[in-house]
Amino acid sequence: MHDFSFKRGKLYCENISVASLVKKHGSPLYIYSHATLTRNFGLLDNALSPVDHTLHFAVKASSNLGVLRTLANAGSGFDIVSGGELQRVIAAGGDSTKCVFAGVGKTEEDIELALKKGIYAFSAESEPELVRINKIARRLKKKAPIAVRVNPNVDAKTHAKITTGTYDNKFGIAFEEIEGVYERAARLKNLYLRGIQMHIGSQLTDVGPFEKAVRKVAPLAKRLTEKHGIEFFSLGGGVGIVYEPALASGDAKWWCSTKRKTLLTPARYAAKLMPLLKPLGLRILIEPGRFIAGNAGILVTRVEYVKQTGVKNFVIVDAAMNDLARPSLYDSYHEIVPLTQKPGDHLKKNQVSSDVVGPICESSDYFCKNRMLPKVGESDFLALLSAGAYGFVMASNYNARPYPAEVLVKGSRAEIVRKRQPVKQLWASETVPKWLK
Ligand SMILES: *Cc1c(COP(=O)(O)O)cnc(C)c1O
């Protein structure tokens, strides 16, 4: 569920018309809903209420300061994967002591910063990393809080590029080796073994793989509690969202495909997992990114040209793969709707099979292919839905294209939370060597 819907034929974000925002702030434009972010946070928080728990929003999914502050105010901690993300959390007013720090390649600088800021725990992904954290903690005269990331070797049955929990992946330490690693880590004087962590993949639409992984890891967590006194078990993130259709069915009947994929709700997630977790008596952490932010954001883009080739109807828009990389990176589906619904748009005779494409010189620069869309023309606007997670954060400046602007909406208020990047900023850090002058 989310807060983008059609009212009298116009697309709204909460109480503000999307067209009015794009008129004021230009295109392409990312728009986020405060209500959706906080509701999704609340749904997960509530589902986990049978156990002592904390939520740690995965900053890599959506890292704008406005989004982070929204979640910090809701009580969220954060899951970070770099020193830069830790500094972002702090800049947004988030609490560094509620941060967990994952990633296979933590640098010395990252580790030192995290220790100084007193993060909740490192999710350590290898033994050399444990040795490195111990060494830096000793130098700083600290004890580093540690969870080792276990790779439970469970197939998340999601897209190959976002599966992380099998032995083909670079993440975590093999299930069979974990206890030996804890034994050795316990001898490192400046570590404090605080928990165990896993994260099996992203965009899971079935609770089955989570259940399988928890059934496998829970007995291990119990043994580690007895031997090493760990306090928490982090399940990672990965709860998937519905991309197709993303609008509530009432709004979208005329438009969206009627087949609804089964949806992994927080209630279903909790119903399966809570009975397995409760007996452990551990604090349960989750690190949701996509579930909280995915449906809370859209990308609005203007139609520049419609190019009919006889074979294809290309709708060429002013957003591109540099603004939203997901379709070109993992063939992902984003619902695409015009900002204005015209009567009869739902009729096949008014629709045309279209490829919505960006202006970049790469064949992978597309948002959809051969999709039935209402006829649109130059200067119409389209919204790409469910672009709130792994959207802006993956943007690049490819083709010397400045970053788009971002707006946060709360009720009837809207605020630019990131200005459109001025084009001169693209080369502001560059110089021409003197010897070329
Ligand atoms: C990416 C990531 C997450 C968030 O995943 P989502 O699918 O967005 O919920 C959580 N934990 C870790 C360690 C991650 O790398």
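Report on the accompanying structure. (Residues numbered from 1 in each chain as written. Predicted model: local features only at pLDDT ≥ 70, side-chain atom pairs only at ≥ 80, totals over all residues. Heavy atoms only, no water.)

## Thoughts on the overall build of the protein chain
Counting secondary structure elements, the protein chain contains twelve helices and 21 strands. Here the C-alpha radius of gyration of the protein chain, 23 Å, is about what a compact globule of 437 residues would show, namely 22 Å. In terms of overall dimensions, the protein chain has a C-alpha envelope of 70 × 65 × 40 Å along the principal axes. Evaluated residue by residue, the protein chain yields a buried proportion of 57% over its 437 residues. Counting contacts in the protein chain only where the partners sit at least 6 residues apart, residues at least 24 apart contribute 70% of the total. Within the protein chain, one finds 62 positive and 41 negative side-chain charges whose respective centroids are separated by 3 Å. (Helix = DSSP H or I, 4+ residues; strand = E, 2+ residues; numbered from the N terminus. Rg over C-alpha atoms; globule rule 2.2 N^0.38 Å. Buried < 20%, exposed > 50% of the residue type's maximum accessible area, 1.4 Å probe, protein only. Contact = heavy atoms within 4.5 Å. Lys, Arg positive; Asp, Glu negative; His and termini not counted. Charge placed at Lys NZ, Arg CZ, Asp CG, Glu CD.)

## Describing a nonpolar patch on the surface
Taken together, Val-432, Trp-435 and Leu-436 make up a surface patch of nonpolar side chains, about 400 Å² in accessible area. Note on placement: Val-432 falls in the segment after strand E21 (413-418). (Patch = residues over 30% accessible without salt bridge, like charges linked within 9 Å, V, L, I, M, F, W, Y side chains within 5 Å. Areas by Shrake-Rupley, 256 points an atom, 1.4 Å probe, with all protein chains shown as cover. Salt bridge = Lys/Arg side-chain N within 4 Å of Asp/Glu carboxyl O.)

## Quick word on the pairing of strand E2 (residues 10-13)
Here strand E1 (residues 4-7) pairs with E2 via four bridges, running antiparallel. Bridging across to E2, Ser-5 finds its partner in Tyr-12. The hairpin turn running from E1 into E2, its antiparallel successor, is two residues long, and Arg-8 in that turn takes a positive phi close to 45 degrees. The pairing of E2 with strand E3 (residues 16-17) spans two bridges and is classified as antiparallel. (Pairing = 2+ DSSP bridges.)

## Here we look at the packing of aromatic side chains
On inspection of all chains with the given rule, the structure shows six aromatic pairs. Consider the rings of Tyr-30 and Phe-392, whose centres lie 5.8 Å apart with planes at 80 degrees: the pair is edge-to-face. Residue Tyr-30 is located in strand E4 (residues 29-33), and its partner Phe-392 is located in the loop between strand E19 (381-384) and strand E20 (405-410); the two are separated by 362 residues in the primary sequence. Its relative accessible area of 0% is what places Tyr-30 among the buried residues. (Phe/Tyr/Trp six-rings, centres within 6.5 Å; stacked < 30°, edge-to-face > 60°.)

## Some remarks on helix H10 (residues 266-277)
Along an α-helix, a turn takes 3.6 residues, which lines up residues three or four apart on a common side. All buried positions along H10 are accounted for by Pro-266, Tyr-269, Ala-270, Leu-273, Met-274, Leu-276 and Leu-277. The buried residues of H10 occupy an angular sector of 155 degrees when projected down its axis, which confines them to one face. Projecting away from the buried face of H10 at angles above 90 degrees are the exposed residues Ala-267, Ala-271 and Pro-275. Its buried side turned inward, H10 meets helix H2 (34-47), helix H8 (208-228), strand E12 (232-234), strand E13 (283-286) and helix H11 (290-293). (Arc of directions from axis to C-beta.)

## Quick word on the sheet that holds E3
The sheet built from three strands is open, its strands ordered E1-E2-E3 with antiparallel pairing. Unpaired on one side and paired on the other, E1 and E3 mark the two borders of the sheet.

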